[in-house]
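Secondary and tertiary structure notes
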There are 2 protein chains.
Amino acid sequence: MIQKMKTATMQDVAKLAGVSMMTVSRVISNEAKVRDKTRDKVMAAIEELDYQPNLSARSLASAKSHLIALFYQNPSEGYVGQLLIGALSKSQSRGYNLVVSSLDETTDDVETALKALVRRNKIEGIILPPPLSDSQRVLDILMALNIPAVRISPQRDDHPFPFVCMDEAQAAFDITEHLITQGHRKIGFIQGHPDHSGSHLRYEGYKRALEKHHIDIRDDYIQQGLFTYRSGFQAAVNLVTLADPPTAIFASSDDMAAATISAAQKHHLQVPSMLSVVGFDDAPIASAIWPSLTTVRQPILEMAERATDLLIDALKKKPETEQEMETPPEQNLENILEYQLMLRETVAAA
Amino acid sequence: MIQKMKTATMQDVAKLAGVSMMTVSRVISNEAKVRDKTRDKVMAAIEELDYQPNLSARSLASAKSHLIALFYQNPSEGYVGQLLIGALSKSQSRGYNLVVSSLDETTDDVETALKALVRRNKIEGIILPPPLSDSQRVLDILMALNIPAVRISPQRDDHPFPFVCMDEAQAAFDITEHLITQGHRKIGFIQGHPDHSGSHLRYEGYKRALEKHHIDIRDDYIQQGLFTYRSGFQAAVNLVTLADPPTAIFASSDDMAAATISAAQKHHLQVPSMLSVVGFDDAPIASAIWPSLTTVRQPILEMAERATDLLIDALKKKPETEQEMETPPEQNLENILEYQLMLRETVAAA
DNA sequence: CTGAAAGCGCTTACAG
DNA sequence: CTGAAAGCGCTTACAG
């Protein structure tokens with residue numbers, strides 16, 4: 001029964017490597033200088049014993065909770081699910097634990113609630129997905145609390161907290177161009193909710209693609225939607241009943257794209273043979289419906305992973321340069337993630 | 001600046017209450033007998049200092065990881081999301097941390113992978129949502145590892161591991177009866193995938209409702225589906241094109257119900273005025289489409305919470321009676337959760 | 001670049 | 001029913 005074998009401790013590793021615990025600790029935390037040869041010996045010992053640091057002991061000794069929090073505010077279930085999977089796996093692999101809590105920024109006592117939550121759980125850093133990533137109120141409170149935070153897909157990039165996102169305008173450009181490549185020149189567009197910056201970015205991408213290919217932008221081909229199925233349905237009907245209707249429609253969300261397909265079918269336009277349709281998000285509905293929807297996949301899981309990494313990085317270096325978080329971070333390209341065109345069944349050549 | 005105040009330790013509580021740390025510890029763990037008066041003093045001190053036990057210290061001292069794991073295998077994003085939120089909040093409130101990992105039971109090395117995962121992370125207990133809750137292989141491995149596990153919505157109840165679920169047959173009965181109450185007597189049924197026990201349970205509920213109301217069960221009103229949109233579409237077309245078509249259709253999943261609506265529209269049957277449709281699950285698509293779908297909501301989040309509670313209960317009492325997990329648990333009613341009929345827009349009186 | 005000592009805040013035996 | 005002592009496995013200063 002090898003089963004009952006006790007798990008190795010740092011002590012064991014030190015003994016096997018012929019060094020002190022301190023050295024082992026330094027190798028693991030990858031911090032202070034350790035001679036290469038010493039490091040190798042320690043690494044070998046860790047390997048041999050299959051040593052796993054005891055996180056509880058580490059937290060206790062360092063007086064740190066190793067706890068980060070992800071707050072969410074009624075987003076779609078699928079969205080939080082992806083977010084949680086990404087944040088959870090990354091925080092675990094980096095030795096942190098994740099607290100998850102819903103937070104309503106519109107209630108009177110957000111401030112009290114938030115402070116209590118942070119103080120009581122000794123939360124060290126925070127991940128803010130949309131729409132919290134744009135809540136001035138929440139951002140202000142966190143700022144005052146002087147606690148590091150990372151935003152996911154924020155609308156504004158003029159805030160000192162770092163963020164991760166994807167290039168929505170470019171994605172919209174790409175999928176529009178895909179339609180153009182298929183021979184479409186009459187392309188309708190259904191806008192998203194005007195309050196979401198995503199709506200503007202997607203429209204911008206659509207416009208840029210048409211301009212690049214010298215296609216006139218027709219006002220009657222642009223319909224206002226609100227991201228919902230219902231609003232998309234009405235917008236699609238408006239497009240489809242035009243005297244000179246488009247041969248393809250780009251809806252700013254998958255719900256609206258699904259509605260567009262229904263509207264088309266109702267008006268005896270087969271998709272994609274008589275009308276091509278594309279969406280945005282790669283929501284569950286995109287692959288549920290039939291024909292399945294050609295759309296843009298947002299890398300939600302990856303964004304959560306990246307955000308978690310950013311946050312933990314900040315946590316680890318924070319002690320050295322206290323006000324680093326105050327200055328706007330260099331928003332490097334690594335934090336703008338790749339989207340993906342999901343080419344499915346709703347697009348045909350014009 | 002009260003901000004910088006150090007958080008109270010058990011030492012502080014003991015001093016304020018005029019007892020030893022040991023007594024405070026006992027009060028908190030709610031275990032050994034403590035005189036009521038002593039307990040009250042301690043409680044008051046805890047209250048006054050807003051004392052929060054340090055989980056790291058507890059874990060280190062007790063040599064327990066306080067870690068439980070939730071494994072999942074490619075279910076829908078929305079489903080995992082709900083699951084995670086429920087399991088996470090409950091485990092946190094009970095002082096446990098949650099590890100989340102996907103697990104593919106079909107790979108060759110599940111056993112090795114599972115054992116390594118459990119051993120390395122010192123995982124104390126496991127939550128198994130479907131379809132893992134029915135994987136004989138995974139159950140066997142866990143059994144051999146002698147690690148407590150709790151299953152969510154398993155198909156079989158003949159396994160020693162305890163489980164939580166909802167009464168799917170009763171839910172199907174209720175929603176069918178709802179249709180009958182609205183005056184429908186010609187009710188079509190689209191079955192789910194034959195391999196899922198849920199399919200059988202839902203069919204059983206449908207049948208029982210018709211029988212109760214003395215409505216004949218017509219073979220041509222029963223169509224086989226596979227839970228997918230596409231399969232539902234075909235099944236719905238079959239029903240709708242019958243010489244004597246049903247006035248209402250109960251699809252065993254929301255995806256198939258959504259497909260039924262599309263199929264109806266294609267055949268110029270307005271929903272719900274000419275055809276009523278109900279689904280099962282309350283998946284995102286149910287409220288996304290229009291008209292929004294009348295369906296049954298499964299209490300996924302609550303099931304995850306209950307499962308987590310069950311698991312932690314087992315963990316806490318395990319040391320006393322080692323073989324308790326071996327004997328089939330008394331499956332009490334608390335572990336069968338309430339579903340909810342979501343009455344929306346796809347049902348009209350016949 | 002490396003190490004010996006002290007201590008983080010609890011719980012586990014063991015006494016009484 | 002209550003308490004004094006030891007120790008869980010690390011990291012933080014502090015030396016050298």
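Residues numbered from 1 in each chain as written. Chains lettered and ligands numbered in written order. Predicted model: local features only at pLDDT ≥ 70, side-chain atom pairs only at ≥ 80, totals over all residues. Heavy atoms only, no water.

Let's talk about the protein's contact with DNA strand D
Convention followed: A cutoff of 4 Å decides nearness: a residue is near a molecule or strand if any of its heavy atoms lies inside that distance of it. Within 3.5 Å is the distance limit for a polar contact, defined as a pair of N or O atoms, with the added protein rule that one can donate a hydrogen and the other accept it, and that residues adjacent in sequence qualify only through two side-chain atoms. The secondary structure listing takes helices from DSSP runs of H or I that are at least 4 residues long and strands from runs of E that are at least 2 residues long, numbered from the N terminus. For this scheme, ten residues count as nonpolar: Ala, Val, Leu, Ile, Met, Phe, Trp, Tyr, Cys and Pro. Four count as charged, namely Asp, Glu, Lys and Arg, and the remainder, Gly too, count as polar.
Taken together, the neighbourhood of DNA strand D is formed by 23 residues, with Ser25 of chain A together with Thr23, Arg26, Lys33 and Thr38 of chain B sitting nearest. Within the backbone of methionine 10 of chain A, an N or O atom sits 2.9 Å from a phosphate oxygen of DNA strand D. Between a phosphate oxygen of DNA strand D and a side-chain N or O atom of threonine 23 of chain B, the distance comes to 2.6 Å. Mapped onto the surface near DNA strand D, the elements with two or more residues apiece are helix H2 (21–29) and helix H4 (55–62) of chain A together with helix H2 (21–29) and helix H4 (55–62) of chain B. For the surface near DNA strand D, the element with the most residues is H4 of chain A, which contributes four residues. Partitioning the surface near DNA strand D into residue classes produces 12 nonpolar, seven polar and four charged.

Notes on the protein's contact with DNA strand C
Near DNA strand C there are 23 residues, and of these Thr23, Arg26, Lys33 and Thr38 of chain A together with Ser25 of chain B occur at the shortest range. Among atoms of DNA strand C positioned within 4 Å of the protein, sugar and phosphate together represent 59%. In the environment of DNA strand C, a phosphate oxygen lies 2.5 Å from a nitrogen or oxygen atom belonging to the side chain of serine 25 of chain B. Take arginine 58 of chain B: an N or O atom from its side chain is 3.2 Å from a phosphate oxygen of DNA strand C. Of all the elements, H4 of chain B adds the most residues to the surface near DNA strand C, at four residues. Counted by class, the surface near DNA strand C contains 12 nonpolar, seven polar and four charged residues.

With respect to the side chain of glutamate 177 of chain A
All names here are of chain A. Heads up, the rule is: Burial here depends on accessible area, computed with a 1.4 Å probe over protein chains only, as a share of the maximum for the residue type. Under 20% is buried, over 50% is exposed, and the range in between is partly exposed. Two residues form a contact once any of their heavy atoms are found within 4.5 Å.
Relative to the helices and strands, glutamate 177 resides in helix H8 (residues 168–181). When its relative accessible area of 17% is taken as the criterion, glutamate 177 is described as buried. Those residues in contact with glutamate 177 that sit more than four places away from it in its chain are Ala209, Lys212 and His213.

A closer look at the pattern of salt bridges
All names here are of chain B. Put simply, the rule reads: Each salt bridge in this description consists of a side-chain nitrogen of Lys or Arg and a carboxyl oxygen of Asp or Glu lying within 4 Å of one another.
If you walk through the whole model with that rule in mind, you get 28 salt bridges over all chains. Here arginine 218 and aspartate 220 are joined by a salt bridge, their closest N and O atoms 3.0 Å apart. The exposure class assigned to arginine 218 is partly exposed, which follows from its relative accessible area of 27%.

Examining the relation of the copies chain A and chain B
Threshold: Residues below a pLDDT of 70 in either copy are left out; the C-alpha atoms of the rest, at least 70 in both, set the least-squares superposition of the copies.
Superposing chain A onto chain B requires a rotation of 180° together with a translation of 0.0 Å along the rotation axis, leaving an RMSD of 0.2 Å. Viewed as a symmetry operation, the transformation between the two copies matches a two-fold axis. Distance from the rotation axis, computed per C-alpha, reaches its smallest value in chain A at glycine 81 of chain A: 1.7 Å. Here 100% of the interface residues in chain A have copies in chain B that are interface residues too; the copies meet face to matching face.

What about the pairing of strand S6 (residues 187–191) of chain B?
All names here are of chain B. Which entries qualify depends on this criterion: By the convention used here, strands pair only if DSSP detects at least 2 bridges between them. Here, the term right-handed applies to a crossover whose path from the first strand over the helix to the second runs clockwise when the strands point away from the viewer.
For S6, the buried fraction is high: five of the five residues fall into the buried class. Of the two faces of S6, the one carrying Ile187, Phe189 and Gln191 and the one carrying Gly188 and Ile190 are both buried. Pairing of S6 with strand S7 (residues 222–224), which is carried by three bridges, proceeds in the parallel orientation. Paired with glutamine 191 across the two strands is glutamine 224, which belongs to S7. Running through helix H9 (residues 197–212), the crossover from S6 to the neighbouring parallel element S7 is right-handed.

Re the environment of arginine 137 of chain B
As for its position among the elements, arginine 137 of chain B is in helix H7 (residues 136–145). For arginine 137 of chain B, the side chain forms a polar contact with the main-chain oxygen of aspartate 108 of chain B, separated by 3.2 Å.

Some remarks on the environment of alanine 263 of chain B
Residue and element names in this part refer to chain B. Here alanine 263 shows up in helix H11 (residues 254–266). Between the C-alpha atom of alanine 263 and that of asparagine 97, which follows or precedes it by 166 residues, the distance is 47 Å. For alanine 263, the contacting residues outside a window of four places in its chain are Phe233, Ala236 and Val237.

What to know about the packing of aromatic side chains
All names here are of chain A. Here is the rule: Geometry of aromatic contacts follows a simple scheme: Phe, Tyr and Trp rings, the Trp one being its six-membered ring, pair when their centres are within 6.5 Å, and the pair is stacked under 30 degrees between planes, edge-to-face over 60, tilted otherwise.
Taken as a whole and assessed by the stated rule, the structure comprises 10 aromatic pairs over all chains. Taking the centre distance of 5.2 Å and the plane angle of 80° together, the rings of phenylalanine 189 and phenylalanine 250 count as edge-to-face. Linking phenylalanine 189 in strand S6 (residues 187–191) with phenylalanine 250 in strand S8 (residues 248–251), this pair joins segments that are 61 residues apart in sequence. With a centroid separation of 6.1 Å and an interplanar angle of 35°, the aromatic rings of tyrosine 203 and tyrosine 206 are classed as tilted. One end of the pair is tyrosine 203 and the other is tyrosine 206, both in helix H9 (residues 197–212) and three residues apart, which spans about a single turn.

Considering the nonpolar core
The following threshold applies: Grouping buried Ala, Val, Leu, Ile, Met, Phe, Trp, Tyr and Cys residues that are joined through side-chain atoms within 4.5 Å yields what is termed a nonpolar core.
Counting residues in hydrophobic clusters, the biggest one holds 53 residues, and the most contacted among them are Ile190 and Ile289 of chain A together with Ile190 and Ile289 of chain B. Elements with a contribution of two residues or more to this core: helix H10 (229–240), S8, helix H11 (254–266) and helix H12 (284–288) of chain A together with helix H10 (229–240), strand S8 (248–251), H11 and helix H12 (284–288) of chain B. Those residues in contact with isoleucine 289 of chain A that sit more than four places away from it in its chain are Ala258 and Ile261 of chain A together with Tyr229 and Ile285 of chain B. By size, the runner-up hydrophobic cluster in this structure holds 52 residues, among which are Val150 of chain A together with Val164, Ala304 and Ile312 of chain B.

Observations regarding the sheet that holds S7 of chain B
All names here are of chain B. We count it as follows: In this analysis, axes come from line fits to C-alpha atoms, helices being fitted only over the stretch in contact, and the angle between any two N-to-C directions falls in the range 0 to 180 degrees.
Spatially, the four strands line up as an open sheet ordered S7-S6-S8-S9, and their pairing is parallel. Single-partner strands in this sheet number two, and they are S7 and strand S9 (276–278). Strand-to-strand twist across the sheet, computed as the mean angle between neighbouring axes with direction ignored, equals 20°. Relative to S6, H9 is tilted by about 165°, and along the sheet it contacts S6, S7 and S8.

Overview of the side chain of arginine 202 of chain B
Tracing the chain through its elements places arginine 202 of chain B in helix H9. Here arginine 202 of chain B is in contact with Glu168, Ala172, Phe189, Phe227, Phe250, Ser252, Phe280, Asp281 and Gln298 of chain B, once residues within four sequence places are set aside.

A few points about the sheet that holds strand S2 (residues 97–102) of chain B
Residues and elements named next belong to chain B. Spatially, the six strands line up as an open sheet ordered S2-S1-S3-S4-S5-S11, and their pairing is parallel. The outermost strands of the open sheet, each flanked by one partner alone, are S2 and strand S11 (336–337). Where strand S3 (residues 125–128) and strand S4 (residues 149–152) come together, three bridges link them in parallel fashion. Across the sheet, leucine 128 pairs through a bridge with arginine 151, a residue of S4. Contacts between helix H5 (residues 77–93) and the sheet are confined to strand S1 (67–72), S2, S3 and S4, with S1 contributing the most and set at about 175° to the helix.

Just distances and angles here, no functional claims.
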